[in-house]
Amino acid sequence: MPASTTPTNPGASAAPALENQLAKKAEAWSALFSEPMSELVKRYTASVDFDKRLWAADIQGSLAHAEMLAAQGIIGAEDHAAIQQGMAQIRAEIESGRFEWKLDLEDVHLNIEARLTELVGLAGKRLHTGRSRNDQVATDVRLWLRGEIDTLVGLLTELQRVLVNQAERHAEVILPGFTHLQVAQPVSFGHHMLAYVEMFARDAERLTDARKRVNRLPLGAAALAGTSYPLDRERVARTLGMEGVAQNSLDAVSDRDFAIEFSAAAALIMVHISRLSEELILWMSQSFGFIALPDRFCTGSSIMPQKKNPDVPELARGKSGRVVGHLMGLITLMKGQPLAYNKDNQEDKEPLFDTVDTLSDTLRIFAEMMDGLTVKPEAMERAALRGYATATDLADYLVKKGLPFRDAHEVVAHAVKTATAQGVDLSQLPLAELQKFDARVGEDVYQVLSLQGSLNARNILGGTAPAQVRAQVARHRARLGA
Ligand code: ARG
């Protein structure tokens, strides 16, 4: 058993009798407590069932802390070595499922520390020098979340790549663009896909930006006021690859704004996913018939044999509510908390964990599903024609022939009324008929009235012309490295 001779540690000179008493202490916090916790209270206050998920971050943080304690001469080199060796064993035990998590030990931090002490004795008890669970848990959550953000940004990149591929494949495919869910103007299906690429690109940017504020070190704040030990906080931050040290101990242990900020970004991602889901569901319905999703993303009905339901997008739309709810939970949790740490903060974990899980599953499944999406161009074109999607083009044509736009708007309304009555598209009205609305209409009007003509005409930065879509595809590919 490694024994330290470091004089700065009060535990080092404890008498053997007291040592024994301390070793026996299983439940109570200290000699101050005269009765054990009731089972109900134990279950109510314990977090180990869910926060054991932080174990790797907890060990990582503890090792960085111990390394610094040794470098500063606060614990001895033998203690440091013992802590390293004990933590290696604990890691192996947890990874192999042999580690025994105890509810009595409340949370992940106390479970790991108690096991360390079991394994290496006094060195284990010295680990907590200059530290509190308050700065420890804040550090753990930040370390864990940092890693999850990196995974999520990778998943967002993958989803964008899939959508960019679909955009390139379908740059020429014409979809009726909607406003108010009424046919408005023809758009390229590729352009439509790229709208979501823009959303997910901003989402990734938001996560990356939030990461900078997640990646700061609370450790060294101790319980709330800092500590009297000569800790080197900058060193711990460097060891952990953090971008800075929290500069105020009260703030360091108490605020969870970094988690709220992340949740807000996550909620927005789910809202974008939910909008896409809604479109997929509509497009897949018989009334639209614009797309098909691969069978592996759909389910049937137990009673109606003809049904193929878009369960995955429906569930994703539903799960967006859950993630938005977690954001509400977290932000409300913070409200009304006085400085510094309060146990309320233990409630940050379940919503945060569920947000990360829901989001990463959703992004993974969407990348796969969108890759397998089949597009039905004829159905989209038919719908665009039915909805007089080129009416604006006719108005623009008349403006170019000298009519003021407001008058052109009115003229085209009459033309649409006539076409509707005859059950034909504008492009199917004979020239003589069109000239009744305005004499300036010539043979060249039919280029303008075709869906392709309308699409190609919108050859402006950010517009839907296939040439623009291809330029955007190239830009995204360069950005995404694909
Ligand atoms: N399990 C606690 C949490 O998640 C750790 C910090 C507890 N600190 C305390 N003073 N009780 O917040």
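Read on for an overview of the structure. As the structure is a computational prediction, the values presented were derived from the model and not from experiment.

### Topic: the site of the ligand
Part 1 of the argument: Around the ligand sit Ser-47, Asp-51, Asp-107, His-109, Arg-133, Asn-134, Val-137, Tyr-341, Gln-346 and Lys-349, and those are all the residues in its vicinity.
Part 2 of the argument: Per-element tally for the shell around the ligand: the top contributor is helix 8 (residues 133-169), with 3 residues.
Part 3 of the argument: Among the residues making up the shell around the ligand, the classes are represented as 2 nonpolar, 4 polar and 4 charged.

### With respect to the packing of helix 8 against helix 12 (residues 257-284)
Part 1 of the argument: Packing of helix 8 against helix 12 leaves a shortest axis separation of 11 Å and a crossing angle of 20°. As summarised for this structure, helix 8 and helix 12 are arranged roughly parallel, according to the angle between their axes. Note on packing geometry: the crossing formed by helix 8 with helix 12 is left-handed. Mapping the contact onto sequence places Ala-138, Val-141, Arg-142, Leu-145, Ile-149, Leu-152, Leu-156 and Leu-159 in helix 8 and Phe-258, Ala-259, Phe-262, Ile-269 and Ile-273 in helix 12.
Part 2 of the argument: Taken together, the residues of the contact of helix 8 with helix 12 break down into 12 nonpolar, no polar and 1 charged.

### Concerning the packing of aromatic side chains
Part 1 of the argument: Evaluation of the coordinates by the stated rule reveals 6 aromatic pairs.
Part 2 of the argument: Considering the side-chain rings of Phe-288 and Phe-290, the 5.2 Å spacing of their centres and the 80° angle between planes classify their relative orientation as edge-to-face.
Part 3 of the argument: The exposure class assigned to Phe-290 is buried, which follows from its relative accessible area of 2%.
Part 4 of the argument: Here the aromatic residues Phe-178, Phe-288 and Phe-290 are joined through ring pairs into a cluster of three or more.
Part 5 of the argument: In this structure, Arg-53 packs its charged tip against the face of Phe-353, placed 5.0 Å from the ring centre.
Part 6 of the argument: Over the ring of Phe-258 we find Arg-142, and its NZ or CZ is 4.0 Å from the ring centre.

### Re the nonpolar core
Part 1 of the argument: Core analysis: the biggest nonpolar cluster contains 102 residues, and Phe-366 and Met-370 have the highest contact counts within it.
Part 2 of the argument: Top element by residues in this core is helix 8. It accounts for 15 residues.
Part 3 of the argument: Within the second largest apolar cluster, 19 residues are counted, among which are Ala-408, Val-411, Leu-426 and Val-445.

### Quick word on the environment of Lys-376
Part 1 of the argument: Of note, Lys-376 is situated in the loop between strand 6 (374-375) and helix 15 (377-386).
Part 2 of the argument: Separated by 93 residues in sequence, Lys-376 and Trp-283 have C-alpha atoms that sit 9.9 Å apart.

### Details of the pattern of salt bridges
Part 1 of the argument: Within the structure shown, the criterion is met by 32 salt bridges.
Part 2 of the argument: Between Arg-126 and Asp-79 there is a salt bridge, with the nearest N and O atoms lying 3.1 Å from each other. With a gap of 47 residues between them, Arg-126 in helix 7 (residues 122-126) and Asp-79 in helix 5 (residues 77-95) connect regions that are remote in the sequence.
Part 3 of the argument: With its nearest N and O atoms 3.8 Å apart, the salt bridge here joins Arg-91 to Glu-95. With Arg-91 and Glu-95 both in helix 5 and 4 residues apart, the pair spans about one turn of that helix.

### Some points on the pairing of strand 1 (residues 174-179)
Strand residues, when the strand is regular, have side chains that alternate between the two faces of the sheet.
Part 1 of the argument: Relative to strand 2 (residues 182-188), strand 1 is paired through 6 bridges, and the arrangement is antiparallel. Residue pairing across strands places Gly-177 opposite Gln-185, the latter belonging to strand 2.
Part 2 of the argument: Hairpin connection between strand 1 and strand 2: a loop of 2 residues separates the two successive antiparallel strands, and His-180 in this loop has a positive phi of roughly 55°.

### Description of the environment of Gln-166
Part 1 of the argument: The topology assignment puts Gln-166 in helix 8.
Part 2 of the argument: By relative accessible area, Gln-166 is classed as buried at 0%.
Part 3 of the argument: C-alpha of Gln-166 to C-alpha of Glu-148: the two residues are 18 residues apart in sequence and 27 Å apart in space.
Part 4 of the argument: Contact partners of Gln-166, with chain neighbours within four places excluded, come to Met-193, Met-370, Asp-371 and Leu-373.

### Comments concerning unusual backbone geometry
Part 1 of the argument: That bond from Leu-339 to Ala-340 is cis: its omega, 5°, falls within 30 degrees of zero.
Part 2 of the argument: Counting through the fold element by element, Ala-340 comes out in the loop between helix 13 (311-334) and helix 14 (349-371).
Part 3 of the argument: The phi dihedral of His-180 falls on the positive side, at around 55°, and the residue is not glycine.
Part 4 of the argument: Note that His-180 resides in the loop between strand 1 and strand 2.
Part 5 of the argument: The phi angle at Ala-222 is positive, at roughly 55°, despite the residue not being glycine.
Part 6 of the argument: Structurally, the position occupied by Ala-222 is in the loop between strand 3 (216-217) and helix 10 (233-239).
Part 7 of the argument: Take Ala-222: its relative accessible area is 8%, and that puts it in the buried class.

### Here's the deal with helix 6 (residues 108-120)
Part 1 of the argument: Spanning 13 residues, helix 6 covers 18 Å between terminal C-alpha atoms, matching the ideal 18 Å at 1.5 Å per step.
Part 2 of the argument: In this structure, the buried residues of helix 6 make contact with helix 3 (48-51), helix 4 (55-71), helix 5, helix 7 and helix 8.
Part 3 of the argument: Once helix 6 finishes, Gly-121 follows within two positions and takes phi at roughly 70°, a positive value.

Thresholds applied
Residues numbered from 1 in each chain as written. Predicted model: local features only at pLDDT ≥ 70, side-chain atom pairs only at ≥ 80, totals over all residues. Heavy atoms only, no water. Near = heavy atom within 4 Å. Helix = DSSP H or I, 4+ residues; strand = E, 2+ residues; numbered from the N terminus. Nonpolar A, V, L, I, M, F, W, Y, C, P; charged D, E, K, R; others polar. Axes fitted to C-alpha atoms, helices over the stretch in contact; angles between N-to-C directions. Parallel < 35°, antiparallel > 145°, perpendicular 65-115°, else oblique. Left-handed = near helix turned anticlockwise from the far one by under 90°. Contact = heavy atoms within 4.5 Å. Phe/Tyr/Trp six-rings, centres within 6.5 Å; stacked < 30°, edge-to-face > 60°. Buried < 20%, exposed > 50% of the residue type's maximum accessible area, 1.4 Å probe, protein only. Lys NZ or Arg CZ within 6 Å of the ring centre and 35° of its normal. Core = buried A, V, L, I, M, F, W, Y, C linked by side-chain atoms within 4.5 Å. Salt bridge = Lys/Arg side-chain N within 4 Å of Asp/Glu carboxyl O. Pairing = 2+ DSSP bridges. Expected span 1.5 Å × (residues − 1).

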